[in-house]
Amino acid sequence: MNAFHPMFDLSDKTALVVGASSGIGLHASHTFVQAGAAVALGARRIDQLNAAVTALRSAGHRACAVTLDITKPETIATAWQASEVQLGRSIDILFNNAGVIYLERFVSQQATEVERIFSTNLKGAFLMAQEAARRMAERGTGSIINVASTSGMRAGAYLASYGASKAGLIHLTRIMALELASRGVRVNALAPGNIRTDMHSQFEASGLDENLLKRIPMRKFGECRDLDGATLLLASEAGSYITGTVIPIDGGQLLSWM
Ligand code: NAI
């Protein structure tokens, strides 16, 4: 028996995963190929991407690596084109996942760090999504998945620039969805809570929130695989009537007032 419902099958699709060298992006690359898609892995660390692509190919999957720094707009179109050339097809799915974090009290946040956060999480994600939207709208089909955060939906101390950048990305998702719905392009966001990755380790190691686990109703951190269901839903035919949504994946944390 096929483990997948046919609506989730991505074997005739291609995906570009941004920020694919580690964490959620690397995991999503595996998720997409397992659903049958051909995948381009994009990030700044090409050595790490090449290693991941070698592993995927040796498992029989279709994958390629592209250098991409979303804070450098000139690399965005080049990476998109390189993805299409290497995969031999237009890109159907953008997993817009690159992001960086900065933990500091609002009054002490440094301008250079604030700039780094906004130029990656908001401006970079904006320009990346814009490249995808232009090309997908021309073809009249596509799915863009912006990786936001529950930090963009509720206030979290020490996360002023990070939370504001993710709130901006959520609002951008809705505007994009509104403008692109009639052109065959769906735009949605994932809002992860606390998912075990390198970025999350930084947050845990900071010791800034001793009660972190207690504030998650499920009393556990999430794993990258906990994003799989929502990712496949938004990427595939199963989500064909879904646009402009934000899906929290947070063990219930948004429900809690503490
Ligand atoms: P991570 O640090 O493992 O991955 C971030 C990825 O983004 C890396 O591949 C990194 O190379 C890439 N990246 C950073 N700046 C880039 C740039 N300028 N151009 C291209 N790639 C760039 O962290 P994680 O946890 O996997 O984060 C992935 C996304 O999920 C981020 O957008 C993050 O804000 C978001 N997120 C993560 C949560 C968590 O608990 N881990 C919670 C909520 C959101």
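Above this text sits the structure in question.
Below or above, wherever it landed, is the structure these notes cover. (Residues numbered from 1 in each chain as written. Predicted model: local features only at pLDDT ≥ 70, side-chain atom pairs only at ≥ 80, totals over all residues. Heavy atoms only, no water.)

1. With respect to the overall build of the protein chain
Of the regular secondary structure elements, the protein chain holds 7 helices and 7 strands. Walking the protein chain from its N terminus toward its C terminus, one meets helices and strands in the order β-α-β-α-β-α-β-α-β-α-β-α-α-β. Against the globule reference of 18 Å for 258 residues, the protein chain gives a C-alpha radius of gyration of 18 Å, in line with a compact fold. For the protein chain, the proportion of its 258 residues judged to be buried stands at 48%. Of the contacts formed within the protein chain by residues at least 6 apart in sequence, a portion of 71% connects residues at least 24 apart. Summed over its atoms, the accessible surface of the protein chain is roughly 12300 Å², and 54% of this surface lies on carbon and sulfur atoms. (Helix = DSSP H or I, 4+ residues; strand = E, 2+ residues; numbered from the N terminus. Rg over C-alpha atoms; globule rule 2.2 N^0.38 Å. Buried < 20%, exposed > 50% of the residue type's maximum accessible area, 1.4 Å probe, protein only. Contact = heavy atoms within 4.5 Å. Areas by Shrake-Rupley, 256 points an atom, 1.4 Å probe, with all protein chains shown as cover.)

2. Focus on the layout of surface pockets
Roughly 1100 Å³ of internal volume is contained in the largest pocket. In terms of lining, the largest pocket is formed by 49 residues, of which the most central are Val100, Ile101, Tyr162, Met199 and His200. Elements represented by at least two residues in the lining of the largest pocket include exactly helix 1 (23-34), helix 4 (111-139), helix 5 (160-180) and helix 6 (198-206). Top contributing element to the lining of the largest pocket by residue count: helix 6, with 5 residues. Here the residues of the lining of the largest pocket sort into 21 nonpolar, 19 polar and 9 charged. (1 Å grid on protein atoms, 1.4 Å probe; cavity = no way out; pocket = protein on both sides within 12 Å on 5 of 7 lines; lining within 4 Å. Points joined across faces, edges and corners; volume = space filled by probe spheres on them. Nonpolar A, V, L, I, M, F, W, Y, C, P; charged D, E, K, R; others polar.)

3. Section: helix 6
The N-cap of helix 6, judged by a side-chain oxygen 3.3 Å from the amide nitrogen of Met199 a few residues on, is Thr197. At the exit of helix 6 stands Gly207, carrying a positive phi of roughly 65°. (Polar contact = N/O pair within 3.5 Å; in protein donor to acceptor, adjacent residues only side chain to side chain.)

4. Side note on the site of the ligand
Close to the ligand lie 29 residues, the nearest being Ser21, Ile24, Tyr162, Ile195 and Thr197. Within the backbone of Asn97, an N or O atom sits 2.8 Å from an oxygen atom of the ligand. Between an oxygen atom of the ligand and a side-chain N or O atom of Lys166, the distance comes to 2.9 Å. Surface burial for the ligand is 96%, taken as the share of its 820 Å² of free accessible area covered by protein chains. (Near = heavy atom within 4 Å.)

5. Examining the pattern of salt bridges
Per the counting criterion, the structure on display carries 7 salt bridges. Arg196 serves as the salt-bridge partner of Glu223, at 3.6 Å between the closest nitrogen and oxygen. Of this pair, Glu223 sits in the loop between helix 6 and helix 7 (228-235) while Arg196 is found in the loop between strand 6 (185-192) and helix 6, placing the two residues 27 residues apart along the sequence. Members of the salt-bridge network, linked through shared partners, are Arg89, Asp92 and Arg139. (Salt bridge = Lys/Arg side-chain N within 4 Å of Asp/Glu carboxyl O.)

6. Side note on the packing of helix 3 (residues 73-87) against helix 4
It is at 10 Å that the axes of helix 3 and helix 4 come closest, and there the two elements cross at 45°. One finds that helix 3 runs oblique with respect to helix 4. Here helix 3 runs over helix 4; the crossing is right-handed. Listed contacts from helix 4 to Pro73, Ile76, Ala77, Trp80, Gln81 and Glu84 of helix 3 are Gly124, Leu127, Met128, Glu131, Ala132, Arg135 and Met136. Here the contact of helix 3 with helix 4 is composed, by residue class, of 8 nonpolar, 2 polar and 3 charged. (Axes fitted to C-alpha atoms, helices over the stretch in contact; angles between N-to-C directions. Parallel < 35°, antiparallel > 145°, perpendicular 65-115°, else oblique. Left-handed = near helix turned anticlockwise from the far one by under 90°.)

7. Quick word on empty space enclosed by the protein
As enumerated under the stated definition, the model contains 1 cavity of 30 Å³ or more in all. Counted as a void, the largest cavity has a volume near 40 Å³. Surrounding the largest cavity, Ile24, His27, Ala28, Thr31, Phe95, Cys224, Leu227, Asp228 and Thr231 form its lining. Classifying every residue of the lining of the largest cavity by side-chain character gives 5 nonpolar, 3 polar and 1 charged.

8. A look at the pairing of strand 6
Counting buried residues along strand 6, 8 of its 8 residues qualify, which places the element largely inside the surrounding structure. Burial along strand 6 is two-sided: Val185, Val187, Ala189 and Ala191 and Arg186, Asn188, Leu190 and Pro192, pointing in opposite directions, are all buried. Pairing of strand 5 (residues 142-147) with strand 6 involves 6 bridges; the strand directions are parallel. Pairing of Asn146 across the sheet is with Ala189, part of strand 6. Remark: the strand 5/helix 5/strand 6 crossover connection has right-handed handedness. Alignment of strand 6 against strand 7 (residues 246-249), held across 4 bridges, turns out to be parallel. Paired with Leu190 across the strands is Ile247, a residue of strand 7. (Pairing = 2+ DSSP bridges. Right-handed = clockwise from strand over helix to strand, strands pointing away.)

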